[in-house]
Every structure is written in C-alpha cells, then in structure tokens.
Amino acid sequence: MADTRSDRVATRWSALFGGCALRRHQALLALVGVLCVGMGIAVAVLVPESDGPAWVMAVGGCLAAGVLMLVRIGLGLLRPGGGATP
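Residues numbered from 1 in each chain as written. Predicted model: local features only at pLDDT ≥ 70, side-chain atom pairs only at ≥ 80, totals over all residues. Heavy atoms only, no water.

## Quick word on the overall build of the protein
And step 1. Across its full length, the protein holds 4 helices and 0 strands.
And step 2. Along the protein, helices and strands appear, N-terminal first, in the series α-α-α-α.
And step 3. Among the 86 residues that make up the protein, the fraction classed as buried is 16%. (Helix = DSSP H or I, 4+ residues; strand = E, 2+ residues; numbered from the N terminus. Buried < 20%, exposed > 50% of the residue type's maximum accessible area, 1.4 Å probe, protein only.)

## Focus: helix 4 (residues 53-78)
And step 1. Counted at 1.5 Å a residue, the expected span for helix 4 with its 26 residues is 38 Å, and the 36 Å between its end C-alpha atoms agrees.
And step 2. Three or more residues of helix 4 are buried, namely Trp55, Val59, Cys62, Gly66, Ile73 and Gly76. (Expected span 1.5 Å × (residues − 1).)

## Notes on helix 3 (residues 26-46)
And step 1. The end-to-end C-alpha distance of helix 3 is 30 Å, a good match for the 30 Å that 21 residues give at a rise of 1.5 Å each.
And step 2. On its buried side, helix 3 packs onto helix 4. (Contact = heavy atoms within 4.5 Å.)

## Quick word on the environment of leucine 63
And step 1. Positionally, leucine 63 belongs in helix 4.
And step 2. Taking the C-alpha atoms as reference, leucine 63 lies 7.8 Å from methionine 39; in sequence the two are 24 residues apart.
And step 3. Among all residues touching leucine 63, those that are not within four sequence positions of it are Cys36, Val37, Gly40 and Ile41.

## Considering the confidence of the model for the protein
And step 1. This prediction gives the protein a mean pLDDT of 76; 64% of its residues lie at or above 70.
And step 2. Within the protein, helix 1 (residues 5-17) has the poorest average pLDDT of any element, 57, and helix 3 the best, 90. (pLDDT = per-residue confidence, 0-100.)

## Re a nonpolar patch on the surface
And step 1. Together, Leu28, Leu31, Val32 and Leu35 make up an exposed nonpolar region whose accessible area comes to about 360 Å².
And step 2. With respect to the secondary-structure elements, valine 32 resides in helix 3.
And step 3. When its relative accessible area of 32% is taken as the criterion, valine 32 is described as partly exposed. (Patch = residues over 30% accessible without salt bridge, like charges linked within 9 Å, V, L, I, M, F, W, Y side chains within 5 Å. Areas by Shrake-Rupley, 256 points an atom, 1.4 Å probe, with all protein chains shown as cover. Salt bridge = Lys/Arg side-chain N within 4 Å of Asp/Glu carboxyl O.)

Take a look at the structure:
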C-alpha cells in the first residue's frame, strides 16, 4: 500500500505532537520547577509573616509544586528506557 499525501501529513502531525511532554520538554519543566522553588523561597524571605495562613499556604504551595515537578522529572529519567512511557 503506497503512502498518500494525506498519510504523510498525518504522520508528520503525529510525530510533532506525539510523545510525552516529560520526554520532549525536560529542560523547560526543570526550569519551571526551579523557578517555583525559588519563588517559594523568595516569598518566605520577602513577605512578612503577618499574613498568617495565607503566607504559609503561598510558601508551601510554591515549594511543593517545584519539588514535585523536579522529583517527577528525576523519576522519569531513572526509569528503564530513559524517560516516561509514551
């Protein structure tokens, strides 16, 4: 069966948008994770603690988001096969 123009376009689009975001954008996601951790530290240092629970939730949320993203990338790299499954 021969490839038609429509088959090649579909293959090109599936190759472009296929795969896992973790595999394709590891550096960008790692940068976002580091920025989230940095923002949590900056909020903890720069914003006074007078805001009470809102301050704690902001710091905890930023730190948790960054750490979870970095851990997910690390676990994906440690898997056999070098990344997340497609």
